[in-house]
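Examination of the molecular architecture
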Amino acid sequence: MATETTTVTDIADAAERQRRLELKELLNKKYKWVDWKWDLVFWTTAVFVVAGAADITKQLFAGDWDFWTDWKDPQWWPVVTAFATIIIPSTLQYIQWTAWRFPTGATYTACCLFFAAWVGRYFQWDLAATYPMNFVWPASVVCAGILMDWTLMKTKSFILTSLIGAHVWAIAVWAYNYVPLAAFLQPAHFMDHVVTVADVQGIAYIRSQTPEYLRLIERGALRSFLGETQYVSLAFAGTAAFAGYWIGQFIGRYLAVWPIRRYLKTM
Amino acid sequence: MAKRFVIGSERVNVSSILYLLKDTFTLFGMLFVLAVVVANTPSAFAHGEAADEPFLKNMTTAFFNVSVSPTEIEVGEPVKVTGSVKILETWPHTLETPEIASIMPVVPGPVFVLKERFVNGTAAIGSFFAQKGGIYEFEMELVGKEPGDWHVHPGIAVYGTGTLIGPGEWVTVKPSAEPFSFPLTLLSGETIELSTYGGAFAWWWSFAGFVLGVAWILYWTTNKRTVTNLAVTVQLPVNDDAPDIGLITPRDHMWMNVIVGVTLVMLVVGWTYATSNAPVRWPQQTDWFTPEFISSGEKMAEAQASGATYDEASETLEMKVQVTNVVESDIELKQLTIAMATFVNGPEAEQAKAGPRDFVGRLEVQPDGPIAPGETKELTLTVSSQIFGAERLIPTQAPQQFIGAVLRFENGNDGHELVTVRSNVVPTQFRSTYLP
Ligand SMILES: [Cu+2]
């Protein structure tokens, strides 16, 4: 009996080994027309689609926080930015990992977004509307993208990536952009007040239709957590990013990939 | 055929739109409708505020004594914007009650920078608490940043309502030999140039991260082919990275660890640099305050409007007001302010002093002259002005056919009182319209 079972398992193992050897061969098969040139066209074309999707999503949920230094506060900015910017990277992670086992979706989206955001800020905001770049520079999520793709590569699981990677994302987005922001948080003398450099930019560079009271920033409240708003905010940012990650997965699974599969089946 | 194109509750899908476009007859029909709509749309106004409904302007606020000067400067030179705005007692109940407001210049973007701002004598960096009946005297100093001809208005943004604007004046900013500069002194004593401070660092720092990201992407996209990978991944479970097959190899892991390592080192180095470069960092500051009270002036008149008519063709407003003098001296009605426009019962010289010329007109009072102590008179106020049409100040077919206005009474010894009145308005003629 025992020997018979072993034999069956052995046969199954051998078949699986054989299948994987065939897959290895398939992986290295050379196609005549579909080589690196196809990939070049594909990756380049996708830049604009992905950049557009990521930029629109960011502007929809975190617009003003990303536009102005005087909105980049300790309380709201880390939360809304982490949530808004993780959605499309998560979608692309799903697509690129399932289709090609590339742990590149978040980084790819982040680089596309970097490109779109800086082009937009420079041409529309700086050149056309004359807001100086040091007031309207966009936050970058490339560092966070690298760390989240790395998390997916190590865990090989969307669930684990959403649990660990989303918190990594929230902290990395904040920490990476706090580096250029730090200089703008220095106190300065202006209008008989001591305010931050970012506040001076917000007051001096006139925004007629964005009055100061509209700023959703930390203004001090009973819920001040002994003044440690920043850390409470980052913990919540991780939770918000977790939610954003699964919205992104939903977009990837049901809005992006499923219709393509359906279309391919009909062909 | 045209029935197919239904917007609203019915579904419009791609095929039905294509079907529709194939139908050239319908296409021409649509173009015709578009042409009719365009032809019937009133031409664009010079100022965005003209698009606002009249009640949003005349029932909410009144701007008076506005001055913008000088009107010709070079880049780097100052322009003063001063004046007063009253949040009217007639504030429409259909808007949120005013509680928080902010006064700012209304200009086409940051072509000026705002250097000073006082509201009722207090330096105002942001917003303040406001209320119905409140008078807010403002003083702002702008400095020319971009050369050009700019229309400069004061404006008051009210929470829940938006920005309501006052009268505007053209200011010419000429180029200067000196480039624009904005020195700012930090609490540390260091003086920075605000126009550029920290901008280059923000760019190069973000760009460095971008380079790492591009390295990450190029590693995968140049070494591996999408089509051959797809043929394999569709036959494997999603959690299988298949190092034996070659999808993700130990070598891939090694290089990705290197990039992650570099990223983390960069983050630590950048953080250390930034926080030692700016050791003192504050949260963004808020200062909302209650401005000192400014009185409407000593009580001298009781005034009530008993109706108004508006003739759209000649842009003439006629309002009847019952006025009782309640003080011991003669009083006279000198000004009528509706939203951003002021009408003066007096000669050209007095009109020129009342505000930016495009927003000032003549007020005719019948019977004119002083009102004696204790006397009650019915005055007929007549104003003919193109401001009414250009700024759309008077409602002609609105759900609330009312206007709010501020009357300024003076008594010969420098005393004055501002009295707010509210009147319904009846147009003298009705135009038939074919579109709503
Ligand atoms: Cu204007």
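Residues numbered from 1 in each chain as written. Chains lettered and ligands numbered in written order. Predicted model: local features only at pLDDT ≥ 70, side-chain atom pairs only at ≥ 80, totals over all residues. Heavy atoms only, no water.

Across its full length, chain B carries eight helices and 22 strands. Radius of gyration (C-alpha) of chain B: 32 Å, far over the 22 Å computed for a compact globule of 436 residues. Burial analysis of chain B (436 residues in total) assigns 48% to the buried set. The long-range fraction of contacts in chain B, counting pairs at least 24 apart against all pairs at least 6 apart in sequence, stands at 68%. Element-wise, carbon and sulfur atoms account for 58% of the exposed surface of chain B, whose accessible area totals about 21200 Å². (Helix = DSSP H or I, 4+ residues; strand = E, 2+ residues; numbered from the N terminus. Rg over C-alpha atoms; globule rule 2.2 N^0.38 Å. Buried < 20%, exposed > 50% of the residue type's maximum accessible area, 1.4 Å probe, protein only. Contact = heavy atoms within 4.5 Å. Areas by Shrake-Rupley, 256 points an atom, 1.4 Å probe, with all protein chains shown as cover.)

Our next topic: the packing of helix H3 (residues 77-100) of chain A against helix H4 (residues 105-128) of chain A. In a packed pair of helices, the relevant descriptors are the angle between the two axes and the axis-to-axis distance. All names here are of chain A. Running from N to C, H3 and H4 point in directions that differ by 135 degrees, and their axes come no closer than 7 Å. Judged by the inter-axis angle, H3 sits oblique to H4. In this structure, H3 crosses over H4, and the sense of that crossing is right-handed. Facing Ile 88, Pro 89, Leu 92, Gln 93 and Gln 96 of H3, the residues of H4 in contact are Gly 105, Ala 106, Tyr 108 and Thr 109. Partitioned by chemical class, the residues of the contact of H3 with H4 number five nonpolar, four polar and no charged. (Axes fitted to C-alpha atoms, helices over the stretch in contact; angles between N-to-C directions. Parallel < 35°, antiparallel > 145°, perpendicular 65-115°, else oblique. Left-handed = near helix turned anticlockwise from the far one by under 90°. Nonpolar A, V, L, I, M, F, W, Y, C, P; charged D, E, K, R; others polar.)

Turning to the sheet that holds strand E15 (residues 316-325) of chain B, a few remarks are in order. Consider a sheet: its strands pair through backbone hydrogen bonds, and that pairing is either parallel or antiparallel. All names here are of chain B. Strand order in this open sheet of nine strands is E18-E17-E16-E21-E22-E14-E15-E20-E19, and the pairing throughout is mixed. Of all the strands in the sheet, the pair left with one neighbour each is strand E18 (360-362) and strand E19 (364-366). Each adjacent strand pair in this sheet contributes to an overall mean axis angle of 25 degrees, direction not counted. As paired strands, E19 and strand E20 (residues 376-384) are joined by three bridges and run antiparallel to one another. The residue of E20 that forms the bridge with Gln 366 is Thr 380. (Pairing = 2+ DSSP bridges.)

Moving on: the interface of chain A and chain B. Residue-level contacts link 91 residues of chain A with 103 residues of chain B. Roughly 8700 Å² of surface becomes buried between chain A and chain B when both sides are summed, with 68% attributable to carbon and sulfur atoms. Summed over the three residues of chain A that lose the most area to chain B, namely Leu 27, Arg 101 and Tyr 213 of chain A, the buried surface amounts to 9% of that side. Scanning the region where chain A abuts chain B turns up four salt bridges. When the shortest N-O distance is used, the salt bridge between Arg 225 of chain B and Asp 39 of chain A registers 2.7 Å. At the boundary of chain A with chain B, the tally comes to 43 residue pairs in polar contact (both at pLDDT 80 or more). Looking at the side of chain A that touches chain B element by element, the count peaks at eight residues for helix H6 (residues 142-155) of chain A. (Buried area = accessible area lost by both parts, 1.4 Å probe. Salt bridge = Lys/Arg side-chain N within 4 Å of Asp/Glu carboxyl O. Polar contact = N/O pair within 3.5 Å; in protein donor to acceptor, adjacent residues only side chain to side chain.)

Residues and elements named next belong to chain A. Counted by the stated rule, this structure contains zero disulfides over all chains. The thiol of Cys 112 is not disulfide-bonded; the next cysteine sulfur, from Cys 111, is found 7.1 Å away. Residue classification places Cys 112 among the buried residues on the basis of a relative accessible area of 3%. (Disulfide = S-S within 2.5 Å.)

It is worth spelling out the sheet that holds strand E5 (residues 112-119) of chain B at this point. Strand order in the open sheet made by the five strands is E1-E3-E8-E5-E6 (chain B), with antiparallel pairing throughout. Each of the sheet's edge strands pairs with one partner strand only, and the pair in question is strand E1 (61-69) and strand E6 (122-123) of chain B.

A few words now on the packing of helix H7 (residues 158-181) of chain A against helix H6 (residues 250-277) of chain B. Running from N to C, H7 of chain A and H6 of chain B point in directions that differ by 40 degrees, and their axes come no closer than 8 Å. Classified by the angle their axes make, H7 of chain A and H6 of chain B are oblique. Handedness of the crossing formed by H7 of chain A with H6 of chain B: left-handed. Each of Trp 174, Ala 175, Tyr 176, Tyr 178 and Val 179 of chain A in H7 of chain A lies in contact with H6 of chain B, whose residues at this interface are Met 266, Leu 267, Gly 270, Trp 271 and Ala 274 of chain B. For the contact of H7 of chain A with H6 of chain B, a count of residues per class yields nine nonpolar, one polar and no charged.

Let us look at the pairing of strand E1 (residues 187-190) of chain A. Residue and element names in this part refer to chain A. Note that E1 and strand E2 (residues 193-196) share four bridges and pair antiparallel. When the sheet's bridge partners are listed, Ala 188 is paired in E2 with Val 195. Hairpin connection between E1 and E2: a loop of two residues separates the two successive antiparallel strands, and Met 191 in this loop has a positive phi of roughly 50 degrees.

What follows deals with the environment of Lys 334 of chain B. Residues and elements named next belong to chain B. Here Lys 334 is to be found in strand E16 (residues 332-338). Along the backbone, Lys 334 and Val 85 are 249 residues apart, and their C-alpha atoms lie at a distance of 18 Å. Those residues in contact with Lys 334, other than ones at most four positions away along the chain, are Phe 343, Val 344, Asn 345, Glu 350, Leu 363, Arg 408 and Glu 410.

This part is about the domain arrangement of chain B. One can read the domain layout of chain B as domain 1 (49-184), domain 2 (199-277) and domain 3 (301-427). Computed from C-alpha coordinates alone, the two centres of domain 2 of chain B and domain 3 of chain B are separated by 71 Å. (Domains from an automatic or database assignment.)

It is worth spelling out the packing of aromatic side chains at this point. All names here are of chain A. Overall, the coordinates contain 50 aromatic pairs over all chains when judged by the stated rule. Plain terms: the ring middles of Tyr 122 and Phe 123 are 5.2 Å apart, the flat faces sit at 75 degrees to each other, and that makes the pair edge-to-face. Exposure remark for Tyr 122: the relative accessible area of 36% places this residue in the partly exposed category. Between Phe 135 and Tyr 205, the ring centres sit 5.8 Å apart and the planes meet at 35 degrees, which makes this aromatic pair tilted. Remark: Tyr 205 occurs in the loop between helix H8 (197-204) and helix H9 (229-266) and Phe 135 occurs in helix H5 (residues 133-136); sequence separation between them is 70 residues. Exposure remark for Tyr 205: the relative accessible area of 0% places this residue in the buried category. (Phe/Tyr/Trp six-rings, centres within 6.5 Å; stacked < 30°, edge-to-face > 60°.)

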